[in-house]
Amino acid sequence: MTVKINLKSLSLVLSAILIIVVSLLFTTRIANDIAADEEQKMLIWAEATEQISNDDYNDLAFHIIEQNNDIPVVVTDAAGNIITSRNFDIPQSKEKGLLTAEIERLKTLHDPIVIHLTDNEMLYVYYDNSHILKQLEYFPLIQFALVVLFLGLLLWIFATEKRREQDKVWVGLSRETAHQLGTPISSLAAWHELLKDSAPSETVEDMGKDINRLRTIADRFSKIGSTPHLERQDVALIIYNAINYMRGRTSKRVEYYINNVSSDSFAPVCEPLLQWVVENLCKNAVDAMQGEGKISILITNENGHLVIEFSDTGKGIAKRQFKKIFKPGFTTKQRGWGLGLSLAKRIVEEYHNGKIFVKSSSPNIGTTFRIEL
């Protein structure tokens, strides 16, 4: 699926580039043709102006001058005094000052057309591009923006579709796992009740704890496959319970510290799923510390948000991997599916409307994950 999405994205980008290049070449060619045509029109206009200025008045020359309704033009004498102007959208009260400034700009745009009245008297014709030509110059930029917008929309649609397919896989896998676990758990529970009544022992008691653990796991998977119900609960207590469970299942060389600074640690959460997040972060920290080190958990309240920070003394994470580690399948371990942190991110952000990210990390010093609920 990723390959397909990448190929589609690449083909869309190449298509967009091709459209922009072809459009730019075509528009440039049309603009050059119009510019050449306007230059020719202004030469004819200058000749008509010259005839009228030499008192060689005729209807054709007057008609040519009057027909110019789209090309801004201004005529000056050799001293720079404005003789006449046409097609400038300038208030009459400010005409002289603004036209003088316009002439300086027009000098950089086109070479002036010289009208020879006598050997010592000349007029200079300065002209601008027509409104149509100006619009045509901006057309490639507008088209480029539209193509980029359309391309971005398509890529967003593809990304959304990809995410939707991933969601279907998550939901399907979770529901199927919960369903498959249901039958053996029920069977084990029945056998446990028989053993508890006939031969009670510490082993049977431990078996009951494991069965309850399996029930918890099945319950978590069933909640992943549906929208979990959030209840306002004491998050600090949930974390304490999760850490107590982890203490009995990790090396004695791993030390856990919980600093509950906030007096109010209540938030709307789904307890089984939040416990799962805590367990995944702890397991990730234990792996990073290679089974020996300290895990510190700080619970605070900042600006109405319940903040939980998990710090370890492990090998650290490279800054370029801060976001990658939350992607499904990404792992730096020899063994593993790369789903633990991805699952934690999904639970925190999609089911609890919170945030989870790497706050800081230093090589061989440790890493701090931050959760905001």
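Residues numbered from 1 in each chain as written. Predicted model: local features only at pLDDT ≥ 70, side-chain atom pairs only at ≥ 80, totals over all residues. Heavy atoms only, no water.

Chemist: Just give me the short version of the overall build of the chain, but keep the residues and values in it.
Modeler: From N to C terminus, the chain includes eight helices and eleven strands. For the chain, the exposed area adds up to about 23,100 Å²; of that, 56% sits on carbon and sulfur atoms. (Helix = DSSP H or I, 4+ residues; strand = E, 2+ residues; numbered from the N terminus. Areas by Shrake-Rupley, 256 points an atom, 1.4 Å probe, with all protein chains shown as cover.)

Chemist: Can you explain a negative patch on the surface? Please cite residues and give values.
Modeler: On the surface, a cluster of negative charge is made up of Glu 202, Glu 205, Asp 206 and Asp 210. We classify Glu 205 as partly exposed; its relative accessible area is 48%. (Patch = residues over 30% accessible without salt bridge, like charges linked within 9 Å, V, L, I, M, F, W, Y side chains within 5 Å. Salt bridge = Lys/Arg side-chain N within 4 Å of Asp/Glu carboxyl O. Lys, Arg positive; Asp, Glu negative; His and termini not counted. Charge placed at Lys NZ, Arg CZ, Asp CG, Glu CD. Buried < 20%, exposed > 50% of the residue type's maximum accessible area, 1.4 Å probe, protein only.)

Chemist: Which residues make up the sheet that holds strand β3 (residues 113-116), and what are the values?
Modeler: As a general point, the strands of a sheet are linked pairwise by backbone hydrogen bonds and lie either parallel or antiparallel. Across the sheet, four strands lie side by side as β2-β1-β4-β3; this open sheet has antiparallel pairing. Of all the strands in the sheet, just β2 (82-86) and β3 have a single pairing partner and so form its edges. For this sheet the average axis-to-axis angle between neighbouring strands, irrespective of direction, equals 20 degrees. Pairing analysis gives four bridges linking β3 to strand β4 (residues 122-127), with the strands arranged antiparallel. Bridging across to β4, Ile 115 finds its partner in Leu 123. (Pairing = 2+ DSSP bridges. Axes fitted to C-alpha atoms, helices over the stretch in contact; angles between N-to-C directions.)

Chemist: Now, about the packing of helix α7 (residues 271-288) against helix α8 (residues 340-351): what can you tell me, with residues and values included?
Modeler: Following both chains from N to C, one finds α7 and α8 inclined at 145 degrees, their axes separated by 9 Å at the closest point. In terms of crossing hand, the pair formed by α7 and α8 is left-handed. Residues Leu 273, Trp 276, Val 277, Asn 280, Leu 281 and Asn 284 of α7 form the contact with α8, whose participating residues are Gly 340, Leu 341, Leu 343, Ala 344, Ile 347, Val 348 and Tyr 351. Residue composition of the contact of α7 with α8, by class: ten nonpolar, three polar and no charged. (Left-handed = near helix turned anticlockwise from the far one by under 90°. Contact = heavy atoms within 4.5 Å. Nonpolar A, V, L, I, M, F, W, Y, C, P; charged D, E, K, R; others polar.)

Chemist: Now, about the pattern of salt bridges: what can you tell me, with residues and values included?
Modeler: Under the definition given, this model contains 14 salt bridges. In this structure, Arg 232 and Asp 264 form a salt bridge, with 3.9 Å as the shortest nitrogen-oxygen distance. Of this pair, Arg 232 sits in strand β5 (residues 231-234) while Asp 264 sits in the loop between β6 (254-260) and β7 (266-269), and the two are 32 residues apart along the sequence. Taking the relative accessible area as the measure of exposure, Asp 264 reaches 33% and is therefore partly exposed. What you see here is one network of salt bridges that share partners, running through Glu 302, Glu 309, Lys 359, Arg 370 and Glu 372.

Chemist: Lay out the sheet that holds β6 with the relevant residues and their values.
Modeler: Strand order in the open sheet formed by five strands is β6-β8-β9-β11-β10, with mixed pairing between adjacent strands. The strands lining the two open edges of the sheet, one partner per strand, are β6 and β10 (355-362). Here the average twist between neighbouring strands, direction ignored, is 15 degrees. In this sheet, strand β11 (residues 366-372) lies alongside β10 in antiparallel orientation, the contact comprising seven bridges. Across the sheet, Lys 355 pairs through a bridge with Glu 372, a residue of β11. Here helix α6 (residues 235-247) sits on the sheet and contacts β6, β8 (293-302) and β9 (305-312); the angle it forms with β6, its principal contact strand, is near 170 degrees. α7 rests against β6, β8, β9, β10 and β11 of the sheet, and its axis sits at about 170 degrees to β11.

Chemist: So what about the environment of Arg 105? Which residues, and what values?
Modeler: Within the secondary structure, Arg 105 sits in helix α3 (residues 95-109). Given a relative accessible area of 34%, Arg 105 falls into the partly exposed group. Each C-alpha atom, one on Arg 105 and one on Tyr 127, is 9.9 Å from the other, the two residues being 22 residues apart in sequence.

Chemist: Got a sec to walk through the nonpolar core? Specific residues and values, please.
Modeler: A general tendency of soluble globular proteins is for nonpolar side chains to be buried together. Val 235, Ile 239, Ile 297, Ile 308, Phe 369 and Ile 371 are the most contacted members of the largest nonpolar core, which has 45 residues in total. Element by element, the count of residues in this core is highest for α7, at nine residues. Judged by nonpolar contacts, the second largest core, of 15 residues, contains Met 42, Ala 61, Ile 71 and Leu 117. (Core = buried A, V, L, I, M, F, W, Y, C linked by side-chain atoms within 4.5 Å.)

Chemist: With reference to specific residues and values, describe the side chain of Thr 76.
Modeler: Mapped onto the elements, Thr 76 comes out in strand β1 (residues 73-77). Among all residues touching Thr 76, those that are not within four sequence positions of it are Asn 81, Ile 82, Ile 83, Ile 103, Met 122, Leu 123, Tyr 124 and Tyr 126.

Chemist: So what's going on with the packing of helix α5 (residues 202-224) against α7? Residues and values would help.
Modeler: At a minimum axis distance of 9 Å, the contact between α5 and α7 shows a crossing angle of 105 degrees. Of the possible angle classes, the one that applies to α5 and α7 is roughly perpendicular. Residues Arg 213, Asp 219, Arg 220, Phe 221, Lys 223 and Ile 224 of α5 form the contact with α7, whose own contacting residues are Pro 272, Leu 273, Gln 275, Trp 276 and Glu 279. (Parallel < 35°, antiparallel > 145°, perpendicular 65-115°, else oblique.)

Chemist: Quick one: what's the story with the packing of aromatic side chains, residue by residue and with numbers?
Modeler: Each pair of aromatic rings is reported with the distance of its centres and the angle of its planes. Counted according to the given criterion, the structure contains one aromatic pair. Positioned above the aromatic ring of Phe 326 is the side chain of Lys 345, whose terminal nitrogen or guanidinium carbon lies 5.2 Å from the ring centre. (Phe/Tyr/Trp six-rings, centres within 6.5 Å; stacked < 30°, edge-to-face > 60°. Lys NZ or Arg CZ within 6 Å of the ring centre and 35° of its normal.)

Chemist: Explain α7 to me, and be specific about the residues and the numbers.
Modeler: Taking 1.5 Å as the rise per residue, α7 with 18 residues should run 26 Å; its terminal C-alpha atoms sit 26 Å apart, in good agreement. The buried fraction of α7 amounts to 14 of the 18 residues, a majority that puts the element mostly inside the structure. Looking one or two residues beyond α7, the residue adopting positive phi is Gln 290, at roughly 55 degrees. (Expected span 1.5 Å × (residues − 1).)

Chemist: So what's going on with the side chain of Glu 372? Which residues, and what values?
Modeler: On the secondary structure map, Glu 372 appears in strand β11. Glu 372 sits in the buried class, given a relative accessible area of 18%. Every residue in contact with Glu 372, bar those within four places of it in the chain, is listed here: Leu 306, Val 307, Gly 354, Lys 355 and Phe 357.

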